[in-house]
Amino acid sequence: MTAPRQIVVGTAGHIDHGKSLLVKALTGTDPDRLKEEKERGITIDIGFANLVLDDGTRVGFVDVPGHERFVKNMLAGVGGIDLVLLCIAADESIKPQTREHFDICRLLRIPHGVIVLTKSDLVEPDILDLVRLEAREFVASSFLESAPLVAVSGKTGAGLAELKAVLRDLARRVPARPLRGVMRLPVDRSFSIKGFGSVVTGTLIAGAIRESDEVAILPQGTTARVRGLEVFNQPTATAHPGQRTAVNLQGVEAGAVERGNLLTLPGVLKPSHLLDVELEVLRGSDASLRDMARVRFHHGTLEAMARVKLLEREAIPPGDRGFAQLRLETPVAPLPGDRFILRRYSPPITIGGGTILHNQPPKLRRGSSGLRARFARLADPSPAVRLRALIDEAGASGIDAHGLRSLTGWDEEEAARLLEPLTRAGGIVTLPAAVVRYVAGDAWRDLSRQVVATLEEFHLKEPLKEGLPREELRTRLFARLHPDAFKFLLADLIQRGSVRADKDRLALTTHRIALSPREAELMEQIEARFAASGTNPPEVDEVIAALRTDPAPAQRLYHLLLQRGRLVRIPDGKVFHAGALDDLKRRLWEQRAKSPMIDISKFKELSGTSRKNAIPLLEHFDQTRVTRREGNKRLILPPPADRSRT
């Protein structure tokens, strides 16, 4: 069985142009719920009502106030609607708030609408025809240019059947909102019900919300659990995008959630004080929008104060557009592509709006190079181009799928699908980390070149060293980058045969240590001195002095022996020949056959060394799992081959 179609319809128009009466006549519900509204006969805050059309389509109405003092309340209601009823009273025609509400609907890119001539019973037919012409002229070259126009009377009921038929037809054209995406519900009402606790309402603009879901409340960053849901005044287990939804929250106190807050998935969106945007200033605005102007920013149900930092100019004139960064006084959590409205700080008049391009941008500094190109890429109609811009901006660290979701709202599968052609062409490198990470191809290749150049420089400077310590390379080039960049870039270079790894050292595969005959002879002499000393090794300075050789090359050869494992440094810094340690391990395992426990006295006797060397040697064997300390004695562990059989 197919679920009934559901749409959200908002009213718009001047004060006392019959919006609330129209909603009441259509639905039987008075959307004016406040005592003051009923006493004064005007709508002050947004109201709600529902209607089921004859084909089963469910229409949720959002009725908005028309008075200029309450436009901010109107903006809280109009953000999530599918189509608008632009109400024009037949006895007054076009008025100031008709124009402002219409401008807001255009700026929010509301796709569908109906022109409704209300109070048609109050005028003669010829006057009604004149108002029809004025309305058509008013909406020319806009999204309502070809919209249906219906004359109605909320008092007599004239035209209501026709309006319902129009709504039924338009509802079929409204595309279903996709289930994919980050769940977002901007809160337009918050109240408490005895026995149930906190309840919030709003239009679910993306994703789905289910009973028992954990939700985040932004910008506070608190969390709550969904205790219950209602859609169309009916309990439901799941609410879908585009539905007017009431959410009973568990785990928050009454009053903790307010209009302008956002319910969303925990851990995805990050509130920010900065937004990169593309602005348009209304042609009818009375002044230009100047750089650093203080404005009222409206997004969803939220109002926040902001400064407008223009990208290039000192002002954007009426009818023009440009790039800017909004610097907000309170943090917000939108997504790129969201529309917003700007109103003057004082008097609060709508002056423009625009599209959010980046929801977590770096602070705009006009002197930075490539700014216009960056903004142009963020505003590009191609999602792949916008994704590429975000990944390029992340540099050599790249950005993982979770980070991309926070910046775009797209899940991992959608991002991978969009980036697949770029990955195939080499524009993006995909790192198969636990959470897949994307790095710009140019940044990745540049970092690879830096690694190779660093190793080349090291080999020229230290030709007798096997390689650069891995940690030193990480500190030099990757200290400020994500650990995955180091891990996967090295793996890539090793796989391609450019670099080899030997224990904790890295070298170019072309690097070979070439000793002169004199150096080879000297290294053999140094090694022989340590080998002959067994478990009572000399200090390197003593060896160099005994050989009467230049200390500098001798020290390099000594370190080469350490790198190659011919000499071994134990925890206290003493250096032994590897053969001496292997021989001592063999004797320990032979001793184990007689007795698995050994004390320091017996170990000194077995090793033929002093107590000064015996304790560090035992600690070394503890670390290498030849022995295990148990009190003042050691348990001699079985040889590795024996352990593998047990």
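One can find the structure itself at the top, above this paragraph.
As the structure is a computational prediction, the values presented were derived from the model and not from experiment.

Conventions we followed
- Residues numbered from 1 in each chain as written.
- Predicted model: local features only at pLDDT ≥ 70, side-chain atom pairs only at ≥ 80, totals over all residues.
- Heavy atoms only, no water.
- Phe/Tyr/Trp six-rings, centres within 6.5 Å; stacked < 30°, edge-to-face > 60°.
- Helix = DSSP H or I, 4+ residues; strand = E, 2+ residues; numbered from the N terminus.
- Buried < 20%, exposed > 50% of the residue type's maximum accessible area, 1.4 Å probe, protein only.
- Lys NZ or Arg CZ within 6 Å of the ring centre and 35° of its normal.
- Salt bridge = Lys/Arg side-chain N within 4 Å of Asp/Glu carboxyl O.
- Axes fitted to C-alpha atoms, helices over the stretch in contact; angles between N-to-C directions.
- Parallel < 35°, antiparallel > 145°, perpendicular 65-115°, else oblique.
- Contact = heavy atoms within 4.5 Å.
- Nonpolar A, V, L, I, M, F, W, Y, C, P; charged D, E, K, R; others polar.
- 1 Å grid on protein atoms, 1.4 Å probe; cavity = no way out; pocket = protein on both sides within 12 Å on 5 of 7 lines; lining within 4 Å.
- Points joined across faces, edges and corners; volume = space filled by probe spheres on them.
- Domains from an automatic or database assignment.
- Pairing = 2+ DSSP bridges.

Undergrad: Is there a simple way to explain the packing of aromatic side chains in this structure?
TA: Aromatic ring pairs: the centre-centre distance and the angle between the two ring planes describe each pair. All told, the structure shown has seven aromatic pairs when counted by the stated rule. Note on phenylalanine 102 and phenylalanine 143: the rings are 6.1 Å apart at their centroids and 20 degrees apart in plane angle, and the pair reads as stacked. Placement of the pair is phenylalanine 102 in helix α4 (residues 96-107) and phenylalanine 143 in the loop between α5 (125-138) and β6 (149-151), with a sequence separation of 41 residues. Residues phenylalanine 530 and tyrosine 558 carry aromatic rings whose centres are separated by 6.0 Å and whose planes lie at 25 degrees to one another, so their mutual orientation is stacked. With phenylalanine 530 in helix α14 (residues 517-533) and tyrosine 558 in helix α16 (residues 551-563), this residue pair connects regions lying 28 residues apart in the sequence. Each member of the pair, phenylalanine 530 together with tyrosine 558, is buried. Put simply, the rings of Phe102, Phe138 and Phe143 touch in pairs and so form one group of aromatic residues. Over the ring of tyrosine 345 we find arginine 294, and its NZ or CZ is 4.5 Å from the ring centre. For arginine 374, the ring lying beneath its charged end belongs to phenylalanine 375, and the centroid distance is 5.2 Å.

Undergrad: Could you clarify how one ought to interpret the pattern of salt bridges in this entry?
TA: Any two side chains of opposite charge can pair, given that their charged atoms come close. A full pass over the atoms with the stated rule returns 44 salt bridges. We note a salt bridge from arginine 424 to glutamate 420, for which the minimum N-O separation is 2.4 Å. Here arginine 424 pairs with glutamate 420, and both are found in helix α10 (residues 412-425), just four residues apart, close to one helical turn. Taken together, the shared-partner salt bridges connect Asp54, Asp55, Arg168, Asp169 and Arg172 into one network.

Undergrad: How should unusual backbone geometry be read in this particular structure?
TA: Residues other than glycine predominantly adopt negative phi, and peptide bonds predominantly adopt the trans conformation. With an omega dihedral of 10 degrees, the bond running from leucine 218 to proline 219 counts as a cis peptide bond. Relative to the elements of secondary structure, proline 219 occurs in the loop between β11 (214-218) and β12 (222-231). Residue proline 347 is reached from serine 346 by a cis peptide bond, and omega for that bond is -10 degrees. Notably, arginine 548 is not glycine yet its phi reads approximately 50 degrees, a positive angle. Its place among the elements puts arginine 548 in the loop between α15 (540-547) and α16.

Undergrad: Hey, could you run me through the packing of helix α17 (residues 578-594) against helix α19 (residues 611-623) in this one?
TA: Two packed helices can be described by the angle between their axes and the distance between those axes. The interhelical angle for the contact between α17 and α19, taken along N-to-C directions, is 80 degrees, at an axis separation of 12 Å. Regarding the angle of α17 to α19, the classification is roughly perpendicular. Between α17 and α19, the residues in contact are Leu581, Leu584, Lys585 and Leu588 and Leu617, His620 and Phe621, respectively. Broken down by class, the residue content of the contact of α17 with α19 amounts to five nonpolar, one polar and one charged.

Undergrad: Sorry, what's going on with empty space enclosed by the protein here?
TA: A probe matching the size of a water molecule, rolled over the atoms, marks out where space remains unfilled. Taken as a whole and judged by the stated rule, the model has one cavity of 30 Å³ or more. In this structure, the largest cavity spans a volume of roughly 50 Å³. Every residue lining the largest cavity is listed: Gln6, Ile7, Val8, Arg58, Gly60, Val231, Phe232, Gly242, Gln243 and Arg244. A total of three residues in the lining of the largest cavity trace back to one element, the largest contributor, which is strand β1 (residues 6-13). For the lining of the largest cavity, the per-class residue count stands at four nonpolar, four polar and two charged. Each of domain 1 (6-173) and domain 2 (184-264) accounts for three or more of the residues forming the lining of the largest cavity.

Undergrad: Sorry if this is basic, but what is going on with the sheet that holds strand β34 (residues 627-630) here?
TA: Across a sheet, strands are paired by hydrogen bonds formed along the backbone, either parallel or antiparallel in direction. Across the sheet, which stays open at both edges, the three strands sit in the order β33-β35-β34 with antiparallel pairing between neighbours. On the outer flanks of this sheet lie β33 (597-598) and β34, each paired with one strand and no other. Examined bridge by bridge, β33 and strand β35 (residues 633-636) share two bridges and lie antiparallel to one another. In the strand pairing of β35, methionine 597 is matched with leucine 635. The sheet contacts of α19 involve β34 and β35, and relative to β34 the element is tilted by about 110 degrees.

That's the geometry; what it means functionally is another story.
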